[in-house]
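Report on the structure
Residue strings, one per chain:
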Amino acid sequence: MLPNALEKAVYGVYATTAVHLAAKHGVFGFLLDQGAPVPTGKIAVALELDEETLDRLLLVLASFGVIERNEHGAYQVPVELAPFLDPRSPRSVGGFLSHVMNSTLGRLPQLDGYLTAGKPSVDASLPAPFDVMYKTPKLTEEFVAAMWQLTYDVSRELVPMAGLAGVRHVLDVGGASGPFCVAALEATPGLSATVFELPEVGPYVADTVERYDLRGRLDFAAGDFHRDEFPPTECVAFGYILSGWTDEIGLELLRKAYRACADGGRVLVMDRLFDDDRGGPLPTAVMNLSMHVEAEGRHRTAAEFIGLLESAGFADCEVRRSTQDKHLVIGFKR
Ligand SMILES: C[S@@+](CC[C@H](N)C(=O)[O-])C[C@H]1O[C@@H](n2cnc3c(N)ncnc32)[C@H](O)[C@@H]1O
């Protein structure tokens, strides 16, 4: 038998697959709707799934503690995991898992080549990250949905920390379908927002405008943040953007933000943070590895982010932490 830490590390790939498939086929939503433990056969019939395969997946999920199995072999979702497994919850992990399984997983073998030949030489023969992520409408939709799930709920914590009262306009650079903008607009009367994004994302922002009835308050600016200057604003937001790029490119983006900001304006960098000694937390360490294959960036400590903001000219920089994985580093144009 393996020691616990090694057991989780070795068998974790099976658990990830099981959680993804159970989420994809509606198992968690179904269990939550029943409100009482359900045997495998009943789940299989209701969801039209092969009972033997489902049985094996459910046993893995129960062994990892993702679902509970009672003495009659019936299953339920633990109360504390429901907000993350319920597909209707804003904190659901389903979209993120789809992205991991359908996109990131295929890129992880690149790490082997990175170890022996280095990232630049392996990447030279590969398409740019977002050419892969937006290769098909299905992948684009999945990525945008994953971003919504990662960002909307935590943004409701981050928006009050950003102190937007009195701010009239936010420019969300690489803002996906607008999860941060929606949270900001919902909480801040008088605010309007623009998502500055690749053209492929435009239809998803249009959909958000319709869904949240934000015509006149939320709009879309198609652009390439590597090539284009940013439109003028009072507040530039970067959510999970700087972690995708090197310090040099990150600094270039922050300098563009500084130029775009009105005097007295601010920049909001919202990202994962490494502990000061880079010893954790675990999700940041994992996503730091993921950024290596999915993009060209890395995760940073608070001090590293503040150093970048100050190099771009922002002052009075500070970190404001949420209770979740995404935190705010704020700086001002004085
Ligand atoms: C990791 S996602 C972050 C999405 C969102 N800001 C959030 O916090 O959830 C990175 C975003 O940057 C956008 N992006 C990538 N390259 C871009 C570019 N060159 N110009 C504009 N946007 C870009 C992608 O379309 C994607 O939505």
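1. Considerations on the sheet that holds strand 8 (residues 261–271)
Spatially, seven strands are ordered 6-5-4-7-8-12-11 in an open sheet, and the strand pairing comes out mixed. Each having just a single partner strand, strand 6 (218–222) and strand 11 (315–320) make up the two edges of the open sheet. Strand after strand, the sheet turns through a mean of 20° between neighbouring axes, direction not considered. When strand 7 (residues 233–239) meets strand 8, the two strands line up parallel, connected through six bridges. Within strand 8, the residue paired with Cys235 across the bridge is Arg266. Strands in contact with helix 11 (residues 179–187) are strand 4 (169–173), strand 5 (192–197), strand 6, strand 7 and strand 8; relative to strand 5, the strand with the most contacts, it is inclined by about 175°. Sitting on the sheet, helix 12 (residues 202–211) touches strand 5 and strand 6, and the angle it makes with strand 6 is about 175°.

2. Overview of helix 4 (residues 51–63)
With 13 residues, helix 4 should cover 18 Å at 1.5 Å per step; its first-to-last C-alpha distance of 18 Å lies within 8% of that length. Every buried residue belonging to helix 4 is among Leu54, Leu58 and Leu61, and all of these are buried. In a view along the axis of helix 4, the buried residues occupy a sector of 60°, so they form one face of it. Away from the buried face of helix 4 by more than 90 degrees, exposed residues Arg56 and Ser63 are located. One or two residues past the end of helix 4 sits Gly65, with phi positive at roughly 80°.

3. Description of the sheet that holds strand 2 (residues 68–69)
Taken in spatial order, the three strands make up an open sheet running 1-3-2, and their pairing is antiparallel. Each end of this open sheet is capped by a strand with a single partner; those strands are strand 1 (38–39) and strand 2. Where strand 2 and strand 3 (residues 74–76) come together, two bridges link them in antiparallel fashion. Paired with Arg69 across the strands is Tyr75, a residue of strand 3.

4. Section: the site of the ligand
Taken together, the neighbourhood of the ligand is formed by 19 residues, with Tyr134, Thr151, Gly174, Glu197 and Lys326 sitting nearest. In the model, a nitrogen atom of the ligand is placed 2.9 Å from a nitrogen or oxygen of the Asp224 side chain. In isolation the ligand exposes 590 Å². Once the protein is present, 93% of that is buried. Per-element tally for the shell around the ligand: the top contributor is helix 10 (residues 137–162), with three residues. A class-by-class count of the residues in the shell around the ligand yields 10 nonpolar, six polar and three charged.

5. Focus on the pairing of strand 5
Burial runs high along strand 5: five of the six residues are buried. Sheet topology places strand 4 next to strand 5; five bridges connect them, and they run parallel. Note that in strand 5 the partner of Val173 across the bridge is Phe196. Handedness of the β-α-β unit built from strand 4, helix 11 and strand 5 comes out right-handed. Two strands pair when backbone bridges link them, and strand 5 and strand 6 are joined in this way by five bridges, in the parallel orientation. For Thr194, the partnering residue across the bridge sits in strand 6 and is Asp219.

The rules behind these values
Residues numbered from 1 in each chain as written. Predicted model: local features only at pLDDT ≥ 70, side-chain atom pairs only at ≥ 80, totals over all residues. Heavy atoms only, no water. Pairing = 2+ DSSP bridges. Helix = DSSP H or I, 4+ residues; strand = E, 2+ residues; numbered from the N terminus. Axes fitted to C-alpha atoms, helices over the stretch in contact; angles between N-to-C directions. Contact = heavy atoms within 4.5 Å. Expected span 1.5 Å × (residues − 1). Buried < 20%, exposed > 50% of the residue type's maximum accessible area, 1.4 Å probe, protein only. Arc of directions from axis to C-beta. Near = heavy atom within 4 Å. Polar contact = N/O pair within 3.5 Å; in protein donor to acceptor, adjacent residues only side chain to side chain. Areas by Shrake-Rupley, 256 points an atom, 1.4 Å probe, with all protein chains shown as cover. Nonpolar A, V, L, I, M, F, W, Y, C, P; charged D, E, K, R; others polar. Right-handed = clockwise from strand over helix to strand, strands pointing away.

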